[in-house]
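Residue-level structural notes
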Amino acid sequence: MNERVEVVLRGLTGLAGAAVGATVGYFSVVWLSQQGLYAIILPGPLLGLGCALVLRRSSMVAGILCGLAAVPLGILCEWRIAPFIVDRSLSYFLTHLDQLRPATMILIALGAVFAFWLGRGDNRYGRPTSVE
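Each value, and the rule that gives it
Residues numbered from 1 in each chain as written. Predicted model: local features only at pLDDT ≥ 70, side-chain atom pairs only at ≥ 80, totals over all residues. Heavy atoms only, no water. Phe/Tyr/Trp six-rings, centres within 6.5 Å; stacked < 30°, edge-to-face > 60°. Buried < 20%, exposed > 50% of the residue type's maximum accessible area, 1.4 Å probe, protein only. Lys NZ or Arg CZ within 6 Å of the ring centre and 35° of its normal. Axes fitted to C-alpha atoms, helices over the stretch in contact; angles between N-to-C directions. Helix = DSSP H or I, 4+ residues; strand = E, 2+ residues; numbered from the N terminus. Parallel < 35°, antiparallel > 145°, perpendicular 65-115°, else oblique. Left-handed = near helix turned anticlockwise from the far one by under 90°. Contact = heavy atoms within 4.5 Å. Nonpolar A, V, L, I, M, F, W, Y, C, P; charged D, E, K, R; others polar. Patch = residues over 30% accessible without salt bridge, like charges linked within 9 Å, V, L, I, M, F, W, Y side chains within 5 Å. Areas by Shrake-Rupley, 256 points an atom, 1.4 Å probe, with all protein chains shown as cover. Salt bridge = Lys/Arg side-chain N within 4 Å of Asp/Glu carboxyl O. Polar contact = N/O pair within 3.5 Å; in protein donor to acceptor, adjacent residues only side chain to side chain. Core = buried A, V, L, I, M, F, W, Y, C linked by side-chain atoms within 4.5 Å.

**Observations concerning the packing of aromatic side chains**
This model, assessed by the stated rule, comprises three aromatic pairs. Note on Tyr-26 and Phe-27: the rings are 5.1 Å apart at their centroids and 85° apart in plane angle, and the pair reads as edge-to-face. Judged by its relative accessible area of 17%, Tyr-26 falls in the buried class. We classify Phe-27 as exposed; its relative accessible area is 54%. Seen in terms of ring centroids, Phe-84 and Phe-93 are 5.2 Å apart; in terms of plane orientation they differ by 40°. Their pairing is tilted. Accessibility assignment for this pair places Phe-84 and Phe-93 in one class, buried. An aromatic cluster is present here, built from Phe-84, Tyr-92 and Phe-93 joined pairwise through their rings. Lying over the aromatic face of Tyr-38, Arg-101 brings its terminal NZ or CZ to 5.6 Å of the ring centre. Lying across the ring of Trp-117, Arg-120 places its NZ or CZ 4.0 Å from the centre.

Next up, the structure:
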């Protein structure tokens, strides 16, 4: 198979895995919040894990993309479980992110770090390291 086609197919499978992980993370945060637990850190790592499990190889590009995608995912989850009382719209929430609690911002950032860490995969099992 052409090398470019292989890279594109790998990217698409990694994206699909990340999407599944992000979906599981989103619904997990919503469900856990209904149980009285605050797990805003969860969607990022699940996004990265979903990507890495499907991609099955080491890729720094995948890790970076997962880390970047985890931030808006965390913000979306926070809006879903704890919108502002004044205005519950997403647009209002996005324009007032500076009013989020510092702990919330730290947990979303940590989720992004874990998404990067997990999303880049590993090379423990002798798989060739990707140059991407």
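Read on, since the account is not over.
**Description of the packing of helix α3 (residues 60-81) against helix α5 (residues 102-119)**
Across the interface, α3 lies against α5 with an axial gap of 7 Å and an inter-helix angle of 150°. Of the possible angle classes, the one that applies to α3 and α5 is roughly antiparallel. When you trace α3 past α5, the crossing you get is right-handed. Contact residues: Met-60, Ala-62, Gly-63, Ile-64, Cys-66, Gly-67, Ala-70, Val-71, Gly-74, Ile-75 and Glu-78 in α3; Thr-104, Ile-108, Gly-111, Ala-112, Ala-115, Phe-116 and Gly-119 in α5. Grouping the amino acids of the contact of α3 with α5 by side-chain chemistry returns eleven nonpolar, six polar and one charged.

**Notes on a nonpolar patch on the surface**
Together, Leu-49, Leu-53, Val-54, Ile-106, Leu-110, Phe-114, Trp-117 and Leu-118 make up an exposed nonpolar region whose accessible area comes to about 730 Å². Only α2 (43-55) and α5 provide two or more residues apiece to the nonpolar patch. Residue contributions to the nonpolar patch peak at five residues, all from α5. In this fold, Leu-49 is placed in helix α2.

**Examining the side chain of Ser-59**
Tracing the backbone through its elements, the reader meets Ser-59 in the loop between α2 and α3. With a relative accessible area of 3%, Ser-59 lands in the buried category.

**Observations concerning the environment of Thr-104**
When you line up the elements, Thr-104 lands in helix α5. Separated by 65 residues in the primary sequence, Thr-104 and Ala-39 have C-alpha atoms spaced 9.9 Å apart. Within the structure, Thr-104 has its side chain in polar contact with the side chain of Tyr-38 (distance 3.0 Å).

**Quick look at the nonpolar core**
By size, the foremost hydrophobic cluster in this structure holds 22 residues, and its most contacted members are Leu-47, Cys-51 and Cys-77. Mapped by element, the contributors of at least two residues to this core are α1 (3-34), α2, α3, α4 (90-95) and α5. The element best represented in this core is α3, accounting for six residues. Contact partners of Cys-77, with chain neighbours within four places excluded, come to Tyr-26, Val-29, Ile-40 and Pro-43.

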